[in-house]
Amino acid sequence: MNGIHDMGGMHGMGPVQYEKNEPVFHTDWESRVFAMYIALSAWRKWNIDAARHSREVIPPAEYLRMSYYEKWFAGQVDLLVKSGLVTAAEIESGVPAPGTAKATPPLTADKITVETLANRINVSRNVPVAPRFQTGQRVRARNINPIGHTRLPRYVRGKVGTIERDHGVFVFPDTNSQFLGEKPQHVYSVRFAARELWGEQASPRDSIYINMWDDYLEPA
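Predicted model, so just to flag it, every value in this text is computed and none were measured.

Caption draft 1: Representation of the nonpolar core. Membership of the largest hydrophobic core comes to 18 residues, with the highest contact counts inside it found for Leu152, Val156, Ile163, Val190, Phe192, Met212 and Leu217. Secondary-structure elements contributing two or more residues to this core are strand 1 (138-141), strand 3 (185-193) and strand 4 (207-213). Leave out the neighbours within four places in its chain, and Ile163 touches Phe133, Gln134, Thr135, Gly136, Gln137, Val139, Tyr188, Ser189, Val190 and Leu217. In terms of nonpolar packing, the next biggest core, distinct from the first, is built from 13 residues, Ile38, Ile48, Trp72 and Leu79 among them.

So, in structure tokens, the structure goes:
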């Protein structure tokens, strides 16, 4: 999906503003949004890629206005309504609709442990999938413009790079986000020269490394 979320490599956005000694959460409500994300994920109504896509479809003007956790909150509300856990009217009013059955959450406070948080998301898969490419091979990022979620950056499409490392087999986000299956495949660290991406004005000494799935690549 080409949208406001895909700002990497774009001109005119200004420098990244680095906050020295940045806290994990700037305010209490941000930590509550993060806790809500953990708790709601336990319902298994969606997956991490669908959650990412819910933030990508925020209207561009709103996306630029919102803070990081405001985007998370907006995405969660969208997923809650689409999954049928709540209605838009209940979100607006803050109270359950009359006659609504009370559900028992699958994740309660007594079940939260360090291990629970560390293992809550695992998208690697131990399945026998043959790699399409090898370390050291020159590859080209496919020039595609999907309408759904993708982890293929817009600024790298059509560009040539070199496979530096095979990370193993992982869930394919493009299909997983649309609930079309995990389609596990190899993910590679691909090195792109800065000048390949941004032309002669880039430093000849600079490169970037991007994790890319089999379906994002073709032989160069």
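Caption draft 2: Highlighting the pairing of strand 3. Judged by how many residues are buried, strand 3 sits mostly within the fold: seven of nine residues are covered. Direction of pairing for strand 2 (residues 160-170) relative to strand 3: antiparallel, over a ladder of seven bridges. Each residue of the ladder has a partner; that of Gly168, found in strand 3, is Val187. Bridging between strand 3 and strand 4 involves seven bridges; their strand directions are antiparallel. By the bridge assignment, Val187 is partnered in strand 4 with Trp213.

Caption draft 3: Spatial organisation of helix 1 (residues 28-41). Given a rise of 1.5 Å per residue, 14 residues ought to cover 20 Å, and the 20 Å separating the end C-alpha atoms of helix 1 matches this to within 8%. Those residues of helix 1 that sit buried are Glu30, Val33, Tyr37, Ile38 and Leu40.

Caption draft 4: Up close: the packing of helix 1 against helix 4 (residues 68-83). Between helix 1 and helix 4, the least distance of the axes is 10 Å, while the angle of their chain directions is 35°. Where helix 1 crosses over helix 4, the handedness of that crossing is left-handed. Of helix 4, the residues touching helix 1 (which contributes Trp29, Glu30, Val33, Phe34, Met36, Tyr37 and Leu40) are Tyr69, Glu70, Trp72, Phe73, Gln76 and Leu80. In terms of residue class, the contact of helix 1 with helix 4 is built from ten nonpolar, one polar and two charged.

Caption draft 5: Structural view of unusual backbone geometry. Here the phi dihedral of Arg44 falls at roughly 60°; this positive angle occurs in a residue that is not glycine. On the secondary structure map, Arg44 appears in the loop between helix 1 and helix 2 (48-56). Positive phi, close to 45°, is recorded for Lys183, a residue that is not glycine. Looking at where Lys183 falls in the secondary structure, it is placed in the loop between helix 7 (173-176) and strand 3.

Caption draft 6: Region of the structure containing the pairing of strand 2. In the sheet, strand 1 pairs with strand 2 via three bridges, with the strands oriented antiparallel. If you follow Arg140 over to strand 2, its bridge partner there is Val160.

Caption draft 7: Just helix 4, in detail. Between its first and last C-alpha, helix 4 extends 23 Å over 16 residues, near the 22 Å set by a 1.5 Å rise per residue. Looking at the packing, one finds that the buried side of helix 4 touches helix 1, helix 2 and helix 3 (60-65). Just downstream of helix 4 lies Gly84, where phi reads positive at about 85°.

Caption draft 8: Spotlight on the packing of aromatic side chains. Going through the model one piece at a time under the given rule, you end up with eleven aromatic pairs. Measuring from centroid to centroid gives 4.9 Å for Tyr37 and Trp72, while their planes differ by 55°, and the two rings are tilted. Of this pair, Tyr37 sits in helix 1 while Trp72 sits in helix 4, placing them 35 residues apart in sequence. Side by side, Tyr37 and Trp72 carry an identical accessibility label, which is buried. Their ring planes at 25° and their centres at 5.7 Å tell us that Tyr155 and Trp198 sit as a pair that is stacked. Remark: Trp198 occurs in helix 8 (residues 194-198) and Tyr155 occurs in the loop between strand 1 and strand 2; sequence separation between them is 43 residues. On the accessibility criterion, Tyr155 (22% relative accessible area) is partly exposed. Taken together through their ring pairs, the aromatic side chains of Phe25, Phe34, Tyr37, Tyr68, Tyr69 and Trp72 make up a single cluster. Above the plane of the ring of Tyr63 lies Lys71, whose end atom (NZ or CZ) is 4.6 Å from the centre.

The rules behind the values
Residues numbered from 1 in each chain as written. Predicted model: local features only at pLDDT ≥ 70, side-chain atom pairs only at ≥ 80, totals over all residues. Heavy atoms only, no water. Core = buried A, V, L, I, M, F, W, Y, C linked by side-chain atoms within 4.5 Å. Buried < 20%, exposed > 50% of the residue type's maximum accessible area, 1.4 Å probe, protein only. Helix = DSSP H or I, 4+ residues; strand = E, 2+ residues; numbered from the N terminus. Contact = heavy atoms within 4.5 Å. Pairing = 2+ DSSP bridges. Expected span 1.5 Å × (residues − 1). Axes fitted to C-alpha atoms, helices over the stretch in contact; angles between N-to-C directions. Left-handed = near helix turned anticlockwise from the far one by under 90°. Nonpolar A, V, L, I, M, F, W, Y, C, P; charged D, E, K, R; others polar. Phe/Tyr/Trp six-rings, centres within 6.5 Å; stacked < 30°, edge-to-face > 60°. Lys NZ or Arg CZ within 6 Å of the ring centre and 35° of its normal.

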